[in-house]
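# Reading the structure
Take a look at the letters that make up each chain.
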Amino acid sequence: EELKGKYLRFVEALQQWTADNLMHVKRAAITSVFTLLKEKPEQESFLLMILVNKLGDTDKKTASHVVHLLQQLVLSHPNMRQVITKEVEQFLFQQKIDSRGLYYG
């Protein structure tokens, strides 16, 4: 239980780092979220939400990188296709989404 709590705090820290102004920090955090999501099912929905929300990032390279990572996730876990699609749909139908987020979604 204690380990799960520490893991959750780590994932929350990754979420904060995905919003960092330094591009290499942001990219490393996003890649870490992808790796955790791909390798460990713990906090799957939270990790997927973090990754999908980065589709609306102001930097087009970051959003494009997230699209690539989501494609890799579908290739490595075909059974997650429906879950990923549902999360992307929820992202697209948010009220506060800009045109760039719609494009990458």
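Analysis parameters
- Residues numbered from 1 in each chain as written.
- Predicted model: local features only at pLDDT ≥ 70, side-chain atom pairs only at ≥ 80, totals over all residues.
- Heavy atoms only, no water.
- Helix = DSSP H or I, 4+ residues; strand = E, 2+ residues; numbered from the N terminus.
- Buried < 20%, exposed > 50% of the residue type's maximum accessible area, 1.4 Å probe, protein only.
- Contact = heavy atoms within 4.5 Å.
- Areas by Shrake-Rupley, 256 points an atom, 1.4 Å probe, with all protein chains shown as cover.
- Expected span 1.5 Å × (residues − 1).
- Arc of directions from axis to C-beta.
- Salt bridge = Lys/Arg side-chain N within 4 Å of Asp/Glu carboxyl O.
- Axes fitted to C-alpha atoms, helices over the stretch in contact; angles between N-to-C directions.
- Parallel < 35°, antiparallel > 145°, perpendicular 65-115°, else oblique.
- Nonpolar A, V, L, I, M, F, W, Y, C, P; charged D, E, K, R; others polar.
- Lys, Arg positive; Asp, Glu negative; His and termini not counted.
- Polar contact = N/O pair within 3.5 Å; in protein donor to acceptor, adjacent residues only side chain to side chain.

Once that is clear, we can look at the overall build of the protein chain. Counting its regular elements, the protein chain contains 6 helices and 0 strands. Walking the protein chain from its N terminus toward its C terminus, one meets helices and strands in the order α-α-α-α-α-α. Counting across all 105 residues of the protein chain, residues that qualify as buried make up 34%. Considering only intrachain contacts with a sequence separation of at least 6, the fraction spanning at least 24 residues in the protein chain is 60%. Of the roughly 7000 Å² of accessible surface on the protein chain, 53% is carried by carbon and sulfur atoms.

Taking 1.5 Å of rise per residue, the 17 residues of helix 2 (residues 23–39) would be expected to cover 24 Å, and the 24 Å separating its terminal C-alpha atoms lies within 8% of that figure. When helix 2 is considered as a whole, its buried residues turn out to be Lys26, Ala29, Ile30, Val33, Phe34, Leu36 and Leu37. Taken end-on, helix 2 shows its buried residues confined to a sector of 165°, consistent with a single buried face. For helix 2, the exposed residues lying more than 90 degrees away from the buried face are His24 and Glu39. Taken together, the buried residues of helix 2 touch helix 1 (2–17), helix 3 (44–53) and helix 4 (60–76).

Scanning all chains against the criterion turns up 3 salt bridges. Linking Lys6 and Glu2 is a salt bridge whose minimum nitrogen-to-oxygen distance equals 3.9 Å. With Lys6 and Glu2 both in helix 1, this residue pair falls 4 residues apart, about one helical turn. The salt bridge partner of Lys54 is Asp57, with a shortest N-O separation of 2.8 Å.

With that settled, the discussion passes to the packing of helix 4 against helix 5 (residues 81–92). Their axes nearest at 9 Å, the elements helix 4 and helix 5 cross at an angle of 155°. Taken together, the axes of helix 4 and helix 5 are roughly antiparallel relative to one another. Where helix 4 approaches helix 5, its residues Leu70, Leu73 and Val74 are matched on the opposing element by Arg81, Ile84 and Val88. Among the residues making up the contact of helix 4 with helix 5, the classes are represented as 5 nonpolar, no polar and 1 charged.

Let's shift gears to the side chain of Glu87. With respect to the secondary-structure elements, Glu87 resides in helix 5. Buried and unpaired, Glu87 has Lys86 as its nearest opposite-charge partner, separated by 8.6 Å. Ignoring sequence-local partners within four residues, the contact set of Glu87 consists of Leu48, Met49 and Val52.

By secondary structure assignment, the location of Lys54 is in the loop between helix 3 and helix 4. A relative accessible area of 12% places Lys54 in the buried class. At a separation of 3.0 Å, a polar atom in the side chain of Lys54 contacts the main-chain carbonyl oxygen of Thr18. If we ignore the near neighbours within four places in the chain, the residues touching Lys54 are Thr18, Ala19, Ile30, Ala63 and Val66.

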